[in-house]
Amino acid sequence: MDIIKFGIVTGCILLLSTVGFSMIWKSEKFLNIAHGQLILVGAYIAYLFNVTLGLPFAVSAIGSVVVTAFIGLLIAKVFYYPVRHQGQLVLLFTSIGLAYVIYGTVQALAGTKVKAYNLAPTQALTIGGKSFFTPHEIAIIFIAITCALSLHIFLAKSKSGRGIRAMAENIRLAQIRGIHFSRLYTFIWLIASGLAGLAGVLLAMNGSLHTDIGWIEILVVLSAAVLGGSGAIYGAMLAALIIGLSMDFSTLIIPASYRPTVAFLIIILVLFIRPQGLSKGGST
Amino acid sequence: MEWLLFIAGLLALAGIYAMLSLTLNIDSGFLGLWNLGVAGFLAVGAYTYTLVTLDQPGTLGLGMPIWVGLLAAAIASGVAGLIVGLPSLRLKKEYLLITTFAFAEVIRQVITNEKWLTNGNIGFYGLPKPFESYFSGINYIFFFTVLVLVILAIYFWLAQRLTYSPLGRLMRAIRENESATLSIGKDIYRTKLKIFILTNMFVGIVGAIYVWYSSIILPSMFTSTITFTVWTALVIGGIGNNKGAVIGAIVLIFVQEFTRFFQVSPDMAVVLASLRWVVIGFMLVFVLRFRPQGILSEKIPSVETRMKLFNGNFSNKGVDFHSKSQSFK
């Protein structure tokens, strides 16, 4: 029971980090390794607001999401847009370089010690004598579901959302049909970075806050994105839950320190059996 | 004398990185395989070598001679290459990248957790170096640097031979246009797998040299940082150019290790170590932005230079006309 519980929470956080990564993969056509470091930035900005400045946690979390979203957009505008025409590999390695820049900056400012948010300790709710989720875990699941749903409504119903999907499928055609793509790219980067920031806050809230969380998370994000199908957004959501659950279920059989190994095995299996991933033809 | 020692040590390290960067250049520069798992294959080679040659009581070391260790390291890394390459080389480039990246992390977790085999985070200390008994103290460091540079020279010669052989031409053809290469009856998957296994065998041997250099072995020596440092070296030097790969590694290691000159308090040391990441990261970003072909760009020998139709005066300008657009496809 506990395992299902942990698995769902892990999966929900992973969902938030993967969706943004997949959106970038689908629309900008490159693997944004620096996405993991935006998760780190989100977690530490919340720490800055919450502990250093002493703001309430909810305010810090929201503030962190907004700031991270704009940091992500700024990074994209300054560093990614100018090298877009040089192709995938240049973008990919620019993102690796930026991942190092962000990682080094955060570490230089915050130090390498493990930190924790100023959160009131909570008791797990009990239902019928059995321990149920803690309020924090319920909050994480609730936030993840809300974000997934609102992203779905945004993509399916709003004009911009439809534009983003059209652009991901065929950018030339979308341009001809009069889609204002530079504004949509701004949306994409804001949403993806904001979600990364949110995932960082929840990750640090659920576990511990240290400077390596970005590198650890990006690996799992990569496997969830592959399982979901290259850049498929709904596929990524489902894949994140599957990987979160299977990572925690694996602790029944193998030592807990091997959790990320499970993600790797899933990648290998997916590549052997169904390289296009979960979704049909990898489309959104 | 002290700074001479420092330079010698640095040169040895730069030599090791240059070997890795050369190998990566064959993989990624000439064949277009994006390998983000260098650290993993290096770890497989290094640990295999250590376990085969280690002669300490209380460990699982076999105490075999050095050459057996080198052979075992090459084979182990080659097999690892086969396992990773088999599923991922058939697919799009990105998938190899993801698989190798994840592979490197998994290997690091395995060597951290399997304490009965690798002694976990404590690792092994005081590992022997080759020909150590023939030299006294300081002299050995100079000898070792020369040894590394000689191996690098041989390695460079082999890499040049490979990349400018018919097989090297086939590799470039695959990189440029897979369908066209397929249409003239070449087996792309087999070629990729062959080269991938071969280069990873080299990486395994470099793993053994890396162990000689540090004389200890720990899981923390094999983080993905190594992979990214090697990639940065290659990008700075020039993808697709063997000389560039070597120069890039030497430049990068000297820039990176230069900060060790400063004497600072422990608190500042963390900041300084972190700022080193920032410097490397920005180097990578700015080289890609302003000089994506690196210090030396790829030079494709034209038929004219091969046949020596133009004596001497044939400048490089005419030869590398399409290198910029090609390096990053």
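Data block above holds the structure.
Definitions and limits used
- Residues numbered from 1 in each chain as written.
- Chains lettered and ligands numbered in written order.
- Predicted model: local features only at pLDDT ≥ 70, side-chain atom pairs only at ≥ 80, totals over all residues.
- Heavy atoms only, no water.
- Contact = heavy atoms within 4.5 Å.
- Buried area = accessible area lost by both parts, 1.4 Å probe.
- Polar contact = N/O pair within 3.5 Å; in protein donor to acceptor, adjacent residues only side chain to side chain.
- Helix = DSSP H or I, 4+ residues; strand = E, 2+ residues; numbered from the N terminus.
- Nonpolar A, V, L, I, M, F, W, Y, C, P; charged D, E, K, R; others polar.
- Axes fitted to C-alpha atoms, helices over the stretch in contact; angles between N-to-C directions.
- Parallel < 35°, antiparallel > 145°, perpendicular 65-115°, else oblique.
- Left-handed = near helix turned anticlockwise from the far one by under 90°.
- Salt bridge = Lys/Arg side-chain N within 4 Å of Asp/Glu carboxyl O.
- Buried < 20%, exposed > 50% of the residue type's maximum accessible area, 1.4 Å probe, protein only.

Novice: Is there a simple way to explain the interface of chain B and chain A in this structure?
Specialist: Frequently, the measure chosen for interface size is the accessible area removed from exposure when the parts meet. The partner chain A presents 40 residues to the 38 residues of chain B that form the contact. A combined buried area of about 3,900 Å² lies between chain B and chain A, and 77% of that area is made up of carbon and sulfur atoms. Contact with chain A buries area across many residues of chain B, yet Y95(B), I98(B) and R289(B) alone supply 15% of it, more than any other trio. Counting across the chain B and chain A interface gives two residue pairs in polar contact (both at pLDDT 80 or more). Among the elements of the structure, α3 (66-88), α4 (93-113), α10 (224-237) and α12 (266-290) of chain B are those that each provide at least two residues to the side of chain B that touches chain A. With 13 residues, α4(B) is the largest single contributor of residues to the side of chain B that touches chain A. Of the residues assigned to the side of chain B that touches chain A, the class counts are 25 nonpolar, eight polar and five charged.

Novice: Is there a simple way to think about the environment of V114(A) in this case?
Specialist: Residue and element names in this part refer to chain A. Within the secondary structure, V114 is located in the loop between α4 (88-110) and β1 (126-127). Spatially, the C-alpha atom of V114 lies 6.9 Å from that of S208, the residues being 94 residues apart in sequence. If sequence neighbours within four positions are ignored, V114 has contacts with S208, L209 and H210.

Novice: Can you walk me through the packing of helix α2 (residues 35-52) of chain A against helix α3 (residues 57-80) of chain A in this structure?
Specialist: Packed helix pairs are specified by the crossing angle of their axes together with the interaxial distance, meaning the distance between the axes. All names here are of chain A. Where α2 meets α3, the closest approach of the two axes is 8 Å, and the angle between their N-to-C directions is 140 degrees. Comparing their axes, α3 and α2 come out oblique. α2 and α3 meet at a crossing whose hand is right-handed. For the pair α2 and α3, contact is made by L38, V41, G42, I45, A46, F49 and N50 and by F57, S60, G63, S64, V67, T68, I71 and G72, respectively. Considering only residue class, the contact of α2 with α3 consists of eight nonpolar, seven polar and no charged.

Novice: It is not clear to me how the pattern of salt bridges should be interpreted in this structure. Could you clarify?
Specialist: Proximity of charged atoms lets side chains of opposite charge pair with each other. Residue and element names in this part refer to chain B. In this structure the tally under the stated criterion is four salt bridges over all chains. Ionic pairing is found between E105 and R108, a salt bridge with its closest N-O pair at 2.9 Å. You can see E105 and its partner R108 sitting in helix α4, three residues apart, about one turn around the helix. Judged by its relative accessible area of 11%, E105 is buried. With its nearest N and O atoms 2.8 Å apart, the salt bridge here joins R175 to E176. Residue classification places R175 among the buried residues on the basis of a relative accessible area of 6%. In this structure E176 comes out as partly exposed when scored by relative accessible area, which is 28%.

Novice: What should I look at first to understand the side chain of T199(B) in this one?
Specialist: Residue and element names in this part refer to chain B. Tracing the sequence through the fold places T199 in helix α9 (residues 188-214). Residue classification places T199 among the buried positions, given a relative accessible area of 1%. A distance of 2.8 Å separates polar atoms of two side chains, one belonging to T199 and the other to D27. Within the local environment of T199, its side chain forms a polar contact with the backbone oxygen of F196, the two atoms lying 3.0 Å apart. Excluding residues that lie within four positions of it along the chain, T199 makes contacts with T23, I26 and D27.

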